[in-house]
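Listed here are the chains, written in short residue letters.
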Amino acid sequence: MADLSARDVERANFVFSIYDFEGNGTVDAVNLGDMLRALNTNPTLATIEKVGGTKKKNEKKLKVEEFLPIFSQVKKEKEQGNFDDFLECLKLYDKEENGRMMAAELAHTLLSLGERLSDAETETVLADCMDKEDDDGFIPYEPFLRKLMAYLMMCHNYQWFSNKDVLPPEVNS
């Protein structure tokens, strides 16, 4: 935890206080992933589970003294990504280096790499975020990625407003 700056500790304490719904100095570990994402990290589901996140409410409670080292550990993780990282990945499929990739390759990527999406999830993401294919089956990938990130944030906000178990977008630095 020594690698956390005073500002990081302040932000982590703020996020912790928001998720301390009962005001008793504890948070439910089911919210751990949302708390970490609110602190500008992007842990995978496997990482969240590895550091103590749970899938069901009231299985485990965390105190701030337990949360800070978890945040520190996740902050150091290399298995995360941001917009620029994801954009660089999609550029690998841009054989003509013109900002376009085959829509079929995008669908295949979503179905088979990383934390794979189901067929239904992939169909929803493509329908909501992908521009119409051109005659050759190509789409611009940067607008897709921007729409996807906005879509995910919108879903995140909807969850927060509908069940109060999720923090709104991010606590920015």
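Residues numbered from 1 in each chain as written. Predicted model: local features only at pLDDT ≥ 70, side-chain atom pairs only at ≥ 80, totals over all residues. Heavy atoms only, no water.

As named in an unreviewed UniProt entry, the chain is Myosin light chain alkali, taken from Molorchus minor. Database annotation for the chain, UniProt heading Subunit (unreviewed entry): "Myosin is a hexamer of 2 heavy chains and 4 light chains." (UniProt positions renumbered as here; feature names shortened; annotations may be inferred.)

Trainee: Hey, could you go over the overall build of the chain for me, with residue numbers and the actual values?
Mentor: A count of helical and extended segments in the chain gives eight helices and four strands. Each helix and strand of the chain, ordered N terminal to C terminal, gives the series α-β-α-α-β-α-α-β-α-α-β-α. Residues counted as buried form 38% of the 173 residues belonging to the chain. Contacts spanning at least 24 positions in sequence make up 63% of the contacts within the chain whose residues lie at least 6 apart. Total accessible area on the chain is roughly 10400 Å²; 54% of this is exposed by carbon and sulfur atoms. (Helix = DSSP H or I, 4+ residues; strand = E, 2+ residues; numbered from the N terminus. Buried < 20%, exposed > 50% of the residue type's maximum accessible area, 1.4 Å probe, protein only. Contact = heavy atoms within 4.5 Å. Areas by Shrake-Rupley, 256 points an atom, 1.4 Å probe, with all protein chains shown as cover.)

Trainee: Could you give me a rundown of the packing of helix H1 (residues 6-19) against helix H4 (residues 64-76), with the residues and numbers involved?
Mentor: Pairs of packed helices are described in terms of their axes, by the angle between the two and the distance that separates them. Two elements in contact, H1 and H4, have axes whose closest approach is 10 Å; the angle formed by their N-to-C orientations is 125 degrees. The pairing of H1 with H4 is recorded here as oblique in orientation. With respect to the hand of their crossing, H1 and H4 are arranged in right-handed fashion. Each of Asp8, Val9, Ala12, Asn13 and Phe16 in H1 lies in contact with H4, whose residues at this interface are Val64, Phe67, Leu68, Phe71 and Lys75. In the contact of H1 with H4, the residues fall into seven nonpolar, one polar and two charged. (Axes fitted to C-alpha atoms, helices over the stretch in contact; angles between N-to-C directions. Parallel < 35°, antiparallel > 145°, perpendicular 65-115°, else oblique. Left-handed = near helix turned anticlockwise from the far one by under 90°. Nonpolar A, V, L, I, M, F, W, Y, C, P; charged D, E, K, R; others polar.)

Trainee: Explain the pattern of salt bridges residue by residue, including any values.
Mentor: Under the definition given, this model contains 11 salt bridges. A salt bridge links glutamate 10 to arginine 7; its shortest N-O distance comes to 3.5 Å. Residue glutamate 10 and its partner arginine 7 are both found in helix H1; the two are separated by three residues, about one turn of the helix. Look at arginine 7 and you get partly exposed, because its relative accessible area is 39%. Put simply, lysine 95 and glutamate 105 hold a salt bridge, and the shortest N to O gap is 3.4 Å. With a gap of 10 residues between them, lysine 95 in the loop between helix H5 (83-91) and strand E3 (100-102) and glutamate 105 in helix H6 (residues 103-112) connect regions that are remote in the sequence. (Salt bridge = Lys/Arg side-chain N within 4 Å of Asp/Glu carboxyl O.)

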